[in-house]
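# Summary of the model geometry
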Amino acid sequence: MKMPKGGGDPVTLASAQSSVDQLRLSNDYVYWRRAANNGMTELVRLAKSGGPATSIQAAATILGIATDDEHVYWSVSTLGAVPLTTVFRALHGSSDAQKVAVTDRHAFQMHVAGPCLYMLDTQEGGVIQRVDKEGGEPATFANLPGAYRFAIDASSVYVTEYGNGKVWSVSR
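Residues numbered from 1 in each chain as written. Predicted model: local features only at pLDDT ≥ 70, side-chain atom pairs only at ≥ 80, totals over all residues. Heavy atoms only, no water.

### Looking at the sheet that holds strand 4 (residues 54-59)
Threshold: For two strands to be treated as a pair, DSSP must find at least two bridges joining them. Helix and strand definitions follow DSSP, with helices as H or I runs of at least four residues and strands as E runs of at least two, each counted in order from the N terminus. Axis angles are defined between N-to-C directions and span 0 to 180 degrees, where every axis is a line fitted to C-alpha atoms and, for a helix, only to the segment in contact.
The strand order across the open sheet formed by four strands is 1-2-3-4, and the pairing between neighbours is antiparallel. Edge positions in the sheet fall to strand 1 (21-25) and strand 4, since each of these pairs with one other strand and no more. Here the strands of the sheet are splayed against their neighbours by 15° on average, with no regard to which way each runs. Pairing of strand 3 (residues 41-47) with strand 4 involves five bridges; the strand directions are antiparallel. By the bridge assignment, Arg45 is partnered in strand 4 with Thr54.

Below, the structure is given as structure tokens:
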């Protein structure tokens with residue numbers, strides 16, 4: 001559903017979507033993760049102007065989604081004793097996936113800032129990793145036990161802690 005900023009009636013863009021979350025936007029598209037009928041999850045794209053929702057990738061566990069001006073990024077994980085997460089990207093409007101990175105962390109949340117993709121693992125102790133968005137080896141940016149959600153601006157990464165109510169700021 002979308003609604004004009006100035007008010008007005010909401011417009012339904014898609015319906016009959018199962019367990020929708022991880023909503024992200026680009027200039028022309030809306031992206032989200034949904035549950036598929038076969039126990040898989042799907043990364044879905046829909047033009048803001050309307051039309052059919054398109055599945056970009058189906059996988060057992062799609063975790064995080066991020067966007068920048070040119071690409072959508074998503075992480076696919078094996079949620080086992082030893083996690084292995086692969087991060088992909090595709091140009092907006094395309095389904096041609098390009099591998100960006102592989103990490104042994106769960107990339108539940110992702111944000112793009114400047115030349116880097118930041119990934120937060122909320123399951124394994126609050127580690128934020130950073131990798132060049134063109135591809136490469138992820139490196140630990142910050143280790144904040146209990147980290148739960150994060151946001152980024154031009155100079156810092158802001159992180160909330162679940163449980164004790166802390167909010168951290170870490171310079172980029």
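Next comes the rest of the write-up.
### Some points on the side chain of Arg89
Our working definition: Relative accessibility under 20% of the residue-type maximum defines a buried residue, over 50% an exposed one, and the middle range a partly exposed one, all with a 1.4 Å probe and only protein chains included. In protein, a polar contact requires one atom able to donate a hydrogen and another able to accept it; more generally it is a pair of N or O atoms within 3.5 Å, and residues adjacent in sequence count only if both atoms are side-chain atoms. Between two residues, a contact is recorded if the distance between any of their heavy atoms is within 4.5 Å.
Take Arg89: it is sitting in strand 7 (residues 84-91). Arg89 gets classed as buried once you look at its relative accessible area, which sits at 5%. At 3.0 Å, the side chain of Arg89 forms a polar contact with the backbone oxygen of Lys133. Polar side-chain contacts of Arg89 include one of 3.0 Å to the side chain of Glu134. Residue contacts for Arg89: discarding those within four places in its chain leaves His71, Val72, Tyr73, Trp74, Asp96, Ala97, Gln98, Val100, Lys133 and Glu134.

### Quick look at the pairing of strand 13 (residues 147-152)
The pairing of strand 13 with strand 14 (residues 156-161) spans five bridges and is classified as antiparallel. Residue pairing in the sheet places Phe150 in a bridge with Val159 of strand 14. In this antiparallel pair of consecutive strands, strand 13 and strand 14, the connection spans three residues.

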